[in-house]
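Structural features, examined
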2 protein chains.
Amino acid sequence: MLDNTDLQILDELSKNSRISMKELGEKVHLTGPATSARVEKLEDSGIIVGYTIKINQVNLGFSIHAFITIITQNTNHQPYLSFIKTQEKYLINNYKISGDGCYLLECKFPSNERMNEFLEGLNEHANYKLSIIIDK
Amino acid sequence: MLDNTDLQILDELSKNSRISMKELGEKVHLTGPATSARVEKLEDSGIIVGYTIKINQVNLGFSIHAFITIITQNTNHQPYLSFIKTQEKYLINNYKISGDGCYLLECKFPSNERMNEFLEGLNEHANYKLSIIIDK
DNA sequence: CAAATTCCTTTCATAAATAAAGTAAAACGG
DNA sequence: CCGTTTTACTTTATTTATGAAAGGAATTTG
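Residues numbered from 1 in each chain as written. Chains lettered and ligands numbered in written order. Predicted model: local features only at pLDDT ≥ 70, side-chain atom pairs only at ≥ 80, totals over all residues. Heavy atoms only, no water.

Section: the pairing of strand β3 (residues 91-97) of chain A
- Bridging between β3 of chain A and strand β4 (residues 103-109) of chain A involves five bridges; their strand directions are antiparallel. Looking at β4 of chain A, one finds that N94 of chain A is bridged to L105 of chain A. (Pairing = 2+ DSSP bridges. Helix = DSSP H or I, 4+ residues; strand = E, 2+ residues; numbered from the N terminus.)

This is the structure:
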């Protein structure tokens with residue numbers, strides 16, 4: 001089970017996953033090797049799944065961030081799923097959901113023009129409702 | 001501007017942000033110091049915003065992942081915003097959106113009971129539409 | 001209660017990061 | 001067109017971190 005030190009480690013690694021084991025250890029009052037062993041346990045137990053970076057997509061040219069609720073036209077979702085597989089550069093997440101819609105698609109676009117092209121392609125396989133992120 | 005090596009670096013760091021600069025350098029055919037300088041530039045230019053971990057929330061006891069579309073009852077959003085500030089443990093993201101709703105709230109819950117409590121509290125300040133994530 | 005396990009520290013060898021110096025190629029400006 | 005500056009890199013050397021190994025204290029287990 002996880003104790004408070006483990007939760008602190010998760011918190012610190014969430015804030016900065018490139019911190020050294022030594023420095024992380026200082027924050028949680030352990031030595032480097034002890035901290036390293038804790039982290040390895042968190043990996044082995046499947047709690048830490050990976051180490052990644054946060055990228056500012058706006059600075060990479062993707063100024064539009066949107067959620068698109070998908071309602072596929074027929075019961076076979078394959079045409080939709082095949083379509084989005086060709087649009088990887090715009091995709092962030094594709095969640096299968098319950099509720100109002102079949103999927104919730106999280107996307108990024110460099111411009112309204114590109115988004116419009118995407119939506120026209122999408123519309124051949126599914127109906128959708130578009131929500132553009134304004135903040136946060 | 002970003003060249004192909006920078007994009008490769010972003011890609012590799014997305015997959016594993018704890019890779020050593022030496023090993024990352026080998027992947028992009030640069031020495032450690034040169035790679036380190038590239039990464040520092042990506043940080044300074046605001047493209048790399050941070051280093052973080054991917055946590056398996058299910059293994060942390062949060063087996064329910066949901067999106068909640070919020071429609072606040074009156075034009076003043078403050079009661080809603082104040083409410084969610086007290087519910088941090090369940091929150092992943094709160095996006096202000098255009099389209100159908102005012103906010104899109106991404107949440108995690110350990111059980112239906114806790115989710116139900118949350119929704120009852122939420123309902124004092126806003127109407128909502130709940131979408132539970134089934135996959136991906 | 002003895003043995004085993006867990007969780008830690010310390011020590012030490014190895015590996016990586018970082019700072020500094022030097023170089024080659026490209027961009028700039030007269 | 002040529003000298004100067006800038007950029008992006010390599011190499012080297014020092015500092016720092018990692019990771020393996022040994023050992024110890026506290027807790028668990030039969």
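Topic: the interface of chain B and chain A
- The partner chain A presents 43 residues to the 43 residues of chain B that form the contact.
- Linking chain B to chain A there are 28 residue pairs in polar contact (both at pLDDT 80 or more).
- Of all the secondary structure elements, the ones that give two or more residues to the side of chain B that touches chain A are α1 (4-15), β1 (48-55), β2 (64-72), β3 (91-97), β4 (103-109) and β5 (126-135) of chain B.
- In terms of residues, the side of chain B that touches chain A owes the most to one element, β1 of chain B, which gives eight residues.
- Here the side of chain B that touches chain A is composed, by residue class, of 20 nonpolar, 14 polar and nine charged.
- Pairing of β3 of chain A with β5 of chain B, which is carried by two bridges, proceeds in the antiparallel orientation. Following the sheet pairing, K96 of chain A is matched in β5 of chain B by D135 of chain B. (Contact = heavy atoms within 4.5 Å. Polar contact = N/O pair within 3.5 Å; in protein donor to acceptor, adjacent residues only side chain to side chain. Nonpolar A, V, L, I, M, F, W, Y, C, P; charged D, E, K, R; others polar.)

Regarding the sheet that holds strand β2 (residues 64-72) of chain A
- Spatially, eight strands are ordered β2(A)-β4(A)-β3(A)-β5(B)-β2(B)-β4(B)-β3(B)-β5(A) in a closed barrel, and the strand pairing comes out antiparallel. In this sheet, adjacent strand axes meet at a mean angle of 35° when their direction is disregarded. (Axes fitted to C-alpha atoms, helices over the stretch in contact; angles between N-to-C directions.)

So, the protein's contact with DNA strand C
- In the vicinity of DNA strand C, the residues found are R18, L30, T31, P33, A34, R38 and K41 of chain A together with S20, M21, K22, P33 and S36 of chain B.
- Atoms of DNA strand C within 4 Å of the protein: sugar and phosphate make up 79%, bases the balance.
- Here a phosphate oxygen of DNA strand C and a side-chain polar atom of T31 of chain A are 2.4 Å apart.
- Between DNA strand C and R38 of chain A, the relevant distance is 2.5 Å, taken from a phosphate oxygen to a side-chain nitrogen or oxygen of the residue.
- Listing elements by their share of the surface near DNA strand C, those giving two or more residues are α3 (32-44) of chain A together with α2 (21-28) and α3 (32-44) of chain B.
- For the surface near DNA strand C, the element with the highest residue contribution is α3 of chain A, accounting for four residues. (Near = heavy atom within 4 Å.)

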